[in-house]
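# A closer look at the structure
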Amino acid sequence: MKNRLRVLRAELAWSQADLAQRLGVSRQTVNAIETGKYDPSLPLAFSLARTFKRQIEEIFEAEARRA
Amino acid sequence: MTEQTPNPNPADVPVDPPFTHSASPFIRTEAPAPVAFDSRPNQTPTAPIYSTWVTYRAQIEFGLTMLAYLMVLVGSVTVLQANPEASWRYYVAVLPLIPAGLVIWLFMRSLARLDESQKRIQVQAFGFALGATALLTFGYGFLEGAGMPHLSWTYVLPLIAVLWALGAAVFKWRHR
């Protein structure tokens, strides 16, 4: 799943550790989400949306379904 | 009749200063735009006295419990060697299970404190350790049938631990 986490975080000049502290997860988890190696659970996705004051769809974009 | 001023000499025209504050080119003339979000989360000041305990609490607890396990194990073996025929020898033999149970409890507690992606890494590592241990022990069982020397069951737990650590390192590296 694609996401705009790195861009949104850069806009606010937050480090991965800053965001991780706000979300209550490890910095490695933030990095794994940003690099697309891990898709967050629904509660964590909502936490991200609340943290960035955006809709989930503005942060995450589902990959196109293969035919 | 109007007077016409002659074209001034370009060398005499004052040059515009490149900065609004000629004394210091680094002084900002405009304040940065206000940010809708608050700044970085409040960083708690580091307390050197407590930081080691806070940061490495789980590791320290785990290390102390493992130390307790080894001490009880050595004591148990020593007592059993000195009293091989005692009626209470079975109780002494299983005494190391008490600190070992404490180790397992600490381990489960640290697992419960992991976040979701770290738990996923651990599940993958446990899956790898389980499968690889099954494969290796089963394989050696066949080799024993073919004449290889019998190995004690006590090797199984260290094998699981080593394979779990290996799996955790590999899956953690893949999630970087």
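Note: the structure precedes this text.
One structure accompanies this document, and this report is about it. (Residues numbered from 1 in each chain as written. Chains lettered and ligands numbered in written order. Predicted model: local features only at pLDDT ≥ 70, side-chain atom pairs only at ≥ 80, totals over all residues. Heavy atoms only, no water.)

### Some points on the packing of helix α5 (residues 116-145) of chain B against helix α6 (residues 156-174) of chain B
Residue and element names in this part refer to chain B.
- Here α5 crosses α6 at 140°, and the two axes come no closer than 8 Å. What the angle tells us is that α5 and α6 run oblique. When the axes of α5 and α6 are compared, the crossing they make is right-handed. Between α5 and α6, the residues in contact are I121, Q122, Q124, A125, F126, F128, A129, A132, T133, L136 and T137 and V156, L159, I160, L163, W164, L166, G167, A168, F171 and K172, respectively. (Axes fitted to C-alpha atoms, helices over the stretch in contact; angles between N-to-C directions. Helix = DSSP H or I, 4+ residues; strand = E, 2+ residues; numbered from the N terminus. Parallel < 35°, antiparallel > 145°, perpendicular 65-115°, else oblique. Left-handed = near helix turned anticlockwise from the far one by under 90°. Contact = heavy atoms within 4.5 Å.)

### Notes on the side chain of S76 of chain B
- Summarising the element assignment, S76 of chain B is placed in helix α2 (residues 57-82).
- Leave out the neighbours within four places in its chain, and S76 of chain B touches V92, A93 and P96 of chain B.

### Some words on a nonpolar patch on the surface
Residue and element names in this part refer to chain B.
- Judged by side-chain polarity, L64, L67 and M71 come together as a nonpolar surface patch covering roughly 330 Å² of accessible area.
- Along the chain, L64 turns up in helix α2.
- Exposure remark for L64: the relative accessible area of 54% places this residue in the exposed category. (Patch = residues over 30% accessible without salt bridge, like charges linked within 9 Å, V, L, I, M, F, W, Y side chains within 5 Å. Areas by Shrake-Rupley, 256 points an atom, 1.4 Å probe, with all protein chains shown as cover. Salt bridge = Lys/Arg side-chain N within 4 Å of Asp/Glu carboxyl O. Buried < 20%, exposed > 50% of the residue type's maximum accessible area, 1.4 Å probe, protein only.)

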